[in-house]
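# Summary of the model geometry
Spelled out from the first residue to the last, the chains are:
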Amino acid sequence: RLFSVSRGELWKSQAVNTVRRSAETTAATEDGNNWATAIIVGNADAAINEMYDFLDSNWVAKENGLWSYLRNYEDGTVANTFINQTNEFSGNQSTGNFLAGSEFDATLYLPTANGGCVRVTPGTLSRIGDVFAGDNVAGAVRCVASDSTQAWFFVDDSLFRLKNGVLHSATAPTISSK
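Description of the structure in this document. Throughout, a residue's number is its position along its own chain's written sequence, starting from 1. For a predicted model such as this one, the threshold for reporting local features is a pLDDT of at least 70, and the threshold for listing and counting side-chain atom pairs is 80 or more; totals across whole chains, interfaces and linings nevertheless cover every residue. Excluded from the side-chain calculation are hydrogens and water; included are all heavy atoms of the structure.

Of the pairings in the sheet, the one linking strand 2 (residues 9–15) to strand 3 (residues 18–21) comprises four bridges and is antiparallel in character. Note on strand 3: the bridge partner recorded for K12 is R20. We call two strands paired when DSSP finds no fewer than two bridges between them. Put simply, DSSP H or I for four residues or longer makes a helix, DSSP E for two residues or longer makes a strand, and each gets a number counted from the N terminus. Taking the residues between adjacent antiparallel strands as the criterion, strand 2 and strand 3 are bridged by two residues. Where strand 3 lies against strand 4 (residues 39–40), two bridges are found, and the strand directions are antiparallel. Paired with T18 across the strands is I40, a residue of strand 4.

Looking at soluble globular proteins, one finds that nonpolar side chains tend to be buried together. Nonpolar core, defined: a set of buried Ala, Val, Leu, Ile, Met, Phe, Trp, Tyr and Cys residues in which side-chain atoms within 4.5 Å join the residues together. Working definition: with a 1.4 Å probe on protein chains only, accessible area under 20% of the residue-type maximum means buried, over 50% means exposed, and in between means partly exposed. Core analysis: the biggest nonpolar cluster contains 12 residues, these being F104, Y109, C117, I128, V141, V144, A151, F153, V155, F160, L162 and L167. Of all the secondary-structure elements, those providing two or more residues to this core are strand 13 (141–146), strand 14 (151–155) and strand 15 (158–163). Here this core takes three residues from strand 14, the largest share from any one element. Setting aside residues up to four positions removed in sequence, A151 forms contacts with F104, A145, S146, F160, R161 and L162. Counting 11 residues, the second largest nonpolar core, distinct from the first, contains W59, A61, L108 and V120. For this analysis, residues touch if any pair of their heavy atoms sits within 4.5 Å.

Quick look at the pattern of salt bridges now. Whenever a carboxyl oxygen of Asp or Glu lies within 4 Å of a side-chain nitrogen of Lys or Arg, that contact is scored as a salt bridge. Counted according to the given criterion, the structure contains four salt bridges. For R7, the salt bridge goes to D56, with nearest N and O atoms at 2.9 Å. Placement of the pair is R7 in the loop between strand 1 (3–6) and strand 2 and D56 in the loop between strand 5 (48–54) and strand 6 (57–62), with a sequence separation of 49 residues. For R7, a relative accessible area of 48% translates into the label partly exposed. The class of D56 is partly exposed, set by a relative accessible area of 47%. A salt bridge links E9 to R71; the nearest nitrogen and oxygen atoms lie 3.5 Å apart. Highlighted residues: E9 in strand 2 and R71 in strand 7 (residues 65–72), separated in sequence by 62 residues. Look at R71 and you get partly exposed, because its relative accessible area is 23%. Shared partners join several salt bridges into a network, and the residues in it are E9, R21 and R71.

Bringing the sheet that holds strand 1 into the picture now. Across the sheet, which stays open at both edges, the four strands sit in the order 1-2-3-4 with antiparallel pairing between neighbours. A single partner strand is all that each edge strand has here, and the edge strands are strand 1 and strand 4. Pairing analysis gives four bridges linking strand 1 to strand 2, with the strands arranged antiparallel. Residue pairing for strand 2: S6 is matched across the bridge by E9.

So this is what it looks like as structure tokens:
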């Protein structure tokens, strides 16, 4: 099972394509016993790989797509559903899609199974292979981590950091035996 907290609500994956959110008021009062009705996310032929809290919403990363939670429709009526934001991945199903991602600077970076990376910003989703082209950067994006000032990309066996919109090569510190 996977868990995430979004908008103060605890979410859990329950089955291959099912998630539930806490029926408690906030995750802080959650005791793990009260869950809202299950919400279906896509088809049962693709498992949930990860869940992310991003853009004040819960995002579910599946083998065949990235799904965002829609709380309400534009007219204000309750939606309580997930929308696939990456239909192009329906034919590229893999257990490695969208794993080990991270949010940095209002952007969610998610490695894909084919070695690429997807960048999600408010209102856009794009592949970012061009960020890794040039500057002797080549290879598959394995995972992304971040802190408040930079994002770290592990590309094959090399480490790169994105700071102020520029990708830099990072070298591991030398450990002295002295």
